[in-house]
Amino acid sequence: MIQIIGTILLIGLLALTSVSPDVIAIGNFGPNDIFQLLTVIGFVAALQHSAVEVIMSTWRDPKQDDIKAKLTLLDKDLETDDETPEERVALVKKRKEVDIELKKFKTNTRKLALWITLLSGVFVSVVGIRILGSLIDPSQLKEMSKYQALGFNIMDVFLTGALISGGTEGVYQIVQVFSSFLNKTTEKVKAQ
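Rules and cut-offs
- Residues numbered from 1 in each chain as written.
- Predicted model: local features only at pLDDT ≥ 70, side-chain atom pairs only at ≥ 80, totals over all residues.
- Heavy atoms only, no water.
- Core = buried A, V, L, I, M, F, W, Y, C linked by side-chain atoms within 4.5 Å.
- Buried < 20%, exposed > 50% of the residue type's maximum accessible area, 1.4 Å probe, protein only.
- Helix = DSSP H or I, 4+ residues; strand = E, 2+ residues; numbered from the N terminus.
- Contact = heavy atoms within 4.5 Å.
- Lys, Arg positive; Asp, Glu negative; His and termini not counted.
- Salt bridge = Lys/Arg side-chain N within 4 Å of Asp/Glu carboxyl O.
- Polar contact = N/O pair within 3.5 Å; in protein donor to acceptor, adjacent residues only side chain to side chain.
- Phe/Tyr/Trp six-rings, centres within 6.5 Å; stacked < 30°, edge-to-face > 60°.
- Lys NZ or Arg CZ within 6 Å of the ring centre and 35° of its normal.

Chemist: I would appreciate a short explanation of the nonpolar core in the present structure.
Modeler: Soluble, globular proteins show a tendency: their nonpolar side chains are buried together. One finds I34, L37, L38, I41, V44, A45, I131, L135, L163, I164, V171 and F178 forming the largest nonpolar core, which totals 12 residues. Mapped by element, the contributors of at least two residues to this core are α2 (31-79), α5 (146-165) and α6 (167-191). Those residues in contact with I41 that lie beyond four places of it in its chain are I129, I131, T160, L163, I164 and V171. In terms of nonpolar packing, the next biggest core, distinct from the first, is built from 8 residues, L71, L91, V98 and F105 among them.

Pasting the structure below:
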C-alpha cells in the first residue's frame, strides 16, 4: 500500500515538473540560520516523541503487562516437578504460544508508534513548521505557478514531517553532516 501511495506521489510530482519547469532559487542563509532551524525541528521532534511515548504507554502497556504476567505464571508452573510429562508438554506449548503472542504484540505496538509519529510529524508540518519553506525567499513562492507552489508545499510538509517523526537522532545526523561540511570547507579555505 505504501509503495502505491509513494508511486502516485512521485508520478504526481513528476507531472508537476512538466507543467512548471521553473527552478526555485535557494535564499541567502548562513550556518547560524540552519542550526537555528534544526534546533527548532529538534525541539519539536523531542516533544512529539515524548507525547507519542506517553500515548503508547498508557494505551498498550497494560495489555503487555498482562501477557508478561501469563509468562511469569507459566514459568513458575514449569519450575515445579508436580505435573505429569503430558502436562509439562502442554505447559511448554502454552508458554511458546504466549511468548509468540508477546512478540506479535510488541511488533504491532512498534508499527502503531511509527505510524503515529509519522502522522503527527506531518500534522505538525501542516500546521506550519517547515524546513524547505524556510530556506527560500518567500517572494519566490508567490511567483510560482499554483501547481509548482502546491508541489513544493506538499514536499515540504512530507519531508519536514518525516524528519520530525525520525526524532532528535535524525536531526542530529543532519547537524553532523552540515558541521562536517563546514569544517571541511574551512580547512580548504585555510589551506589556500
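Chemist: What is the right way to look at the side chain of D156 in this model?
Modeler: Among the structural elements, D156 can be located in helix α5. Buried charge without a salt bridge: D156, with R130 as the nearest opposite-charge side chain at an N-O distance of 4.8 Å.

Chemist: Help me out: how do you make sense of the side chain of R60 in this one?
Modeler: Tracing the chain through its elements places R60 in helix α2. Comment: no salt bridge for buried R60; closest opposite-charge side chain is D61, at 7.7 Å. For R60, the side chain forms a polar contact with the side chain of T109, separated by 2.9 Å. Not counting residues up to four positions away in its chain, the partners in contact with R60 are F105, N108, T109 and L112.

Chemist: Mind showing me how you'd approach the environment of N153 here?
Modeler: Inspection of the secondary structure assignment puts N153 in helix α5. Each C-alpha atom, one on N153 and one on G133, is 7.7 Å from the other, the two residues being 20 residues apart in sequence.

Chemist: Just to check I follow, could you spell out the pattern of salt bridges for this structure?
Modeler: Pairing between side chains of opposite charge can happen when the charged atoms of each approach one another. Considering all chains together, one arrives at 2 salt bridges under this definition. For D75, the salt bridge is made with R95, and the minimal N-O distance between the two is 2.5 Å. Here R95 lies in helix α3 (residues 85-127) and D75 lies in helix α2, a separation of 20 residues in the sequence. By relative accessible area, which is 28% here, D75 ends up partly exposed. Where K103 meets D99, a salt bridge forms, and the shortest distance between an N and an O atom there is 3.6 Å.

Chemist: What should I look at first to understand the packing of aromatic side chains in this one?
Modeler: Two descriptors summarise a pair of aromatic rings, namely the distance from one centre to the other and the angle between the planes of the rings. For the structure on display, the rule yields 0 aromatic pairs. It is R60 that lies over the ring of W59; its NZ or CZ is 5.6 Å from the centre.

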